[in-house]
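# Breakdown of the fold
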Amino acid sequence: KDSLTDARRAFEHDYRQRTVVNRRILDHLLHDAFVDDSQTEAEADLVLDPNPPESRIAEVMGRYPFSDIGQAYRNLMSLGEENIRFLSTRRCRHFLAAIAPELLKAIAATPDPDSTLVQLSQVSDSLGGKGALWELLNINRPSLDLYVRLCAACPYLAGILTSNPGMIDELMDSLMLEGLPTYEMLDTALADLCYGAEDLDPILHSFKDAQHLRVGVRDILGKDDIQATHAALSATAEVCLKQIALAQYDKMIMKYGQPVSGTGRPLDLAILALGKLGGGEPNYHSDLDIVFLYEEDGQTVATNRTRRGQSTTNSHFFSELGQKIIKVTGHLGVHGRLYEVDPRLRPTGGSGTLAVSIDEFTRYFADGSGRLWERQALCKGRVIHGGAEVAQRTGVAAHRRMP
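Bear in mind that the values here come from a model prediction, so they are computed numbers and not experimental data. (Residues numbered from 1 in each chain as written. Predicted model: local features only at pLDDT ≥ 70, side-chain atom pairs only at ≥ 80, totals over all residues. Heavy atoms only, no water.)

## Quick word on the overall build of the chain
In plain terms, the rule: Note on conventions: DSSP H or I runs of at least 4 residues are helices, E runs of at least 2 residues are strands, and numbering of each starts at the N terminus. Exposed residues in this analysis have more than 50% of their type's maximum accessible area, buried residues have under 20%, and partly exposed residues fall in between, with area computed by a 1.4 Å probe over protein chains only. Two residues form a contact once any of their heavy atoms are found within 4.5 Å. Only the protein chains shown count as covering a residue, and every accessible area follows the Shrake-Rupley method with a 1.4 Å probe.
A tally of regular secondary structure across the chain gives 18 helices and nine strands. Expressed as a percentage of its 403 residues, the buried residues of the chain come to 46%. Here the contacts in the chain between residues at least 6 apart in sequence split such that 72% fall between residues at least 24 apart. Accessible surface, the chain as shown: approximately 20,500 Å² in total, 52% of it carbon and sulfur.

## Looking at the packing of helix α11 (residues 183-194) against helix α13 (residues 226-256)
Counted only if it meets this: To get an axis, a line is fitted to the C-alpha atoms, and for a helix only the part in contact is used. The angle between two axes follows their N-to-C directions and goes from 0 to 180 degrees. Here a crossing is taken to be left-handed if its near helix is turned anticlockwise relative to the far helix by less than a right angle, and right-handed if that turn runs clockwise.
The interhelical angle for the contact between α11 and α13, taken along N-to-C directions, is 35°, at an axis separation of 9 Å. The element α11 and its partner α13 pack so that their crossing is right-handed. Of the residues in α13, those touching α11 at Y183, L186, D187, L190, A191 and C194 are A232, A235, T236, E238, V239, C240, K242 and Q243.

## Focus: the pairing of strand β2 (residues 269-274)
Just so we agree on the cut-off: Strand pairing is assigned whenever DSSP detects at least two bridges linking the two strands.
Burial within β2 is extensive, with six of its six residues counted as buried. Residues L269, I271 and A273 line one face of β2 and the alternating positions A270, L272 and L274 line the opposite face, and both faces are buried. With six bridges joining them, β2 and strand β3 (residues 288-294) adopt antiparallel strand pairing. Looking at the pairing, A273 lines up with I290 of β3. Pairing of β2 with strand β9 (residues 382-385), which is carried by three bridges, proceeds in the antiparallel orientation. By the bridge assignment for β9, L272 is matched with V383.

## Here we look at the confidence of the model for the chain
Note the cut-off: The pLDDT value tells you how sure the predictor is about a given residue, anywhere from 0 up to 100.
For the chain, per-residue confidence averages 85 on the pLDDT scale, and 90% of positions sit at 70 or higher. In this model, residues 31-39 is a region of pLDDT below 50 whose contacts with residues beyond four sequence positions or in other chains number 15 contacts.

## Describing the packing of helix α4 (residues 69-78) against helix α6 (residues 113-127)
Quick reminder of the rule: To sort the angles, those under 35 degrees are grouped as roughly parallel, those over 145 as roughly antiparallel, those from 65 to 115 as roughly perpendicular, and the leftovers as oblique. Gly counts as polar in this scheme, as do all residues outside two lists: the nonpolar Ala, Val, Leu, Ile, Met, Phe, Trp, Tyr, Cys and Pro, and the charged Asp, Glu, Lys and Arg.
Remark: α4 packs on α6, axes separated minimally by 9 Å, with the N-to-C direction vectors making an angle of 25°. Taken together, the axis directions place α4 and α6 in an arrangement best described as roughly parallel. Crossing geometry of α4 relative to α6 is assigned as left-handed. Touching A72, N75, L76 and S78 of α4 are L117, V118 and S121, all from α6. In terms of residue class, the contact of α4 with α6 is built from four nonpolar, three polar and no charged.

## Some remarks on the side chain of S78
Formally: N or O atoms closer than or at 3.5 Å make up a polar contact, with two conditions inside protein: a donor-capable atom paired with an acceptor-capable one, and, for residues adjacent in sequence, both atoms drawn from side chains.
By the element assignment, S78 lies in helix α4. There is a polar contact of 2.6 Å between the side chain of S78 and the backbone oxygen of N75. Residues within four places of S78 in sequence aside, it is in contact with S121 and K130.

## Things to note about the nonpolar core
Soluble globular proteins tend to pack their nonpolar side chains together in the buried interior. What counts, and what does not: The term nonpolar core refers to a set of buried residues drawn from Ala, Val, Leu, Ile, Met, Phe, Trp, Tyr and Cys, joined through side-chain atoms within 4.5 Å.
Grouped together as the largest cluster of nonpolar side chains are 49 residues, with contacts concentrated most on W134 and Y147. Aside from chain neighbours lying at most four places away, what touches Y147 is L120, V123, S124, L127, L133, W134, L137 and L171. Among the nonpolar cores identified, the runner-up in size contains 37 residues, and M252, L269, F317 and I326 belong to it.

## Quick word on α11
Convention followed: To estimate how far a helix should reach, multiply one less than its number of residues by 1.5 Å. This arc corresponds to the set of directions leading from the helix axis out to the C-beta atoms.
Between the first and last C-alpha of α11 there are 16 Å, a value that for twelve residues agrees with the 16 Å anticipated at 1.5 Å per step. Of all the positions in α11, only L186, D187, L190 and C194 are classed as buried. For α11, the arc enclosing every buried residue in end-on projection is 100°, short of the 170-degree limit, so these residues lie on one face. Facing away from the buried side of α11 by over 90 degrees, the exposed positions are E184 and D192.

## Considering the pattern of salt bridges
To be explicit about the condition: By convention in these notes, a salt bridge is any Lys or Arg side-chain nitrogen within 4 Å of a carboxyl oxygen on Asp or Glu.
Following the criterion strictly, the structure yields 13 salt bridges and no others. E135 is the salt-bridge partner of R91, the closest N and O atoms lying 3.6 Å from each other. Here R91 is found in helix α5 (residues 89-108), whereas its partner E135 is found in helix α7 (residues 130-139), with 44 residues between them in sequence. Judged by relative accessible area, E135 falls into the buried class, the value being 15%. Here K242 makes a salt bridge to D187, at a shortest N to O gap of 3.0 Å. Residue K242 is located in helix α13, and its partner D187 is located in helix α11; the two are separated by 55 residues in the primary sequence. The exposure class of K242 is partly exposed, given its relative accessible area of 21%.

## Focus: the state of the cysteines
Let me state the cut-off plainly: Any two cysteine sulfur atoms lying within 2.5 Å of each other are counted as a disulfide.
Applying the stated rule across the entire model yields zero disulfides. Free of any disulfide, C194 has its nearest neighbouring cysteine sulfur in C240, separated by 8.0 Å. Using a relative accessible area of 6% as the deciding quantity, one classes C194 as buried.

## Describing α13
Relative to the 45 Å expected for 31 residues at 1.5 Å per residue, α13 spans 44 Å between its end C-alpha atoms, a close match to the ideal helical length. One or two positions beyond α13, positive phi appears at G257, with a value near 95°.

## Concerning the environment of V356
With respect to the helices and strands, the residue V356 is situated in strand β8 (residues 355-357). In this structure, the C-alpha to C-alpha distance between V356 and E296, residues 60 residues apart in sequence, is 8.7 Å.

## Concerning the side chain of N138
Position of N138 among the secondary structure elements: in helix α7. Owing to a relative accessible area of 12%, N138 belongs among the buried residues under this scheme. At 2.9 Å, the side chain of N138 and the side chain of R141 are in polar contact.

What follows is the structure in structure tokens.
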């Protein structure tokens, strides 16, 4: 009899322990732990109610400064609906209910709550798996505030998320980074991504969007000063231009051969950045003011990679190279435009050759032909691409004292 009693007690003890564990699992899966019936707030009740009366909707949503209560309610409820068929809308709605009070408070604190809720709905629809997103925001409340602020005040960054749903991971990673990536880090990362790729366009657009999202998120949170933010945006543009220039340079060599000096030394292209890019202070939408320079005139010579027997002048080679760089960078394709390029500063005038030799560039300013705005533009001149020798000569030519 005593052994039966002991066995029963052991069974009941084991049963209670297993029941507690199972209840915790079910609470997480069904979200009952987050929405306790005895302590639910009105906003959570409204989200979970499948058919609330109009008076209840007006009572709860009327606490917030929405201009159209009915539309705001419909937009809120759309956040609890999964658009992917195999995902549970019921689970999504439970997770939304858990954050509904804090979410509505954060939205109400924005300048235009109605617009914020619409933008938030659009971005969330594009991301998919909204239940997982609400669960994440419930666990990490600072992420909730960031998500609302991004949708409220940064349509550009919200647009990146809408166009690139997978970048929600980049959004979360930006919160974990201790600082912004350096030029060297970006250069290495993009070079690895572009290695062996036949089509750089989607790679460059994705890379730029990811970096702008990271920089923008940290900018919103005030984690970096303005100089660091500008430097990261500038470095992103520079490494993108570098990969385009390298790819197009190889294609030009296969077409015309290698441009060389009078002594047969291979010549390179230098890209001189002016304006905001030259000063290392572009914003998210700045165009790129650049000048294409090469070391000296001459003729191209065929190489093992040259597919055609034709050669051309160095001037024509580098001018066509500059045109291709501008075309690729500014092309408006399915991914949008990478950057707008402004190549207006050229000694031969707006209709002249796009690339000039360093000597011709120097003469243009030395003989007094350079206009005032062009001389002022050189104050921010900075070489962002080119071999060591051409970069050094270009830097000297750009910053020498002119009459």
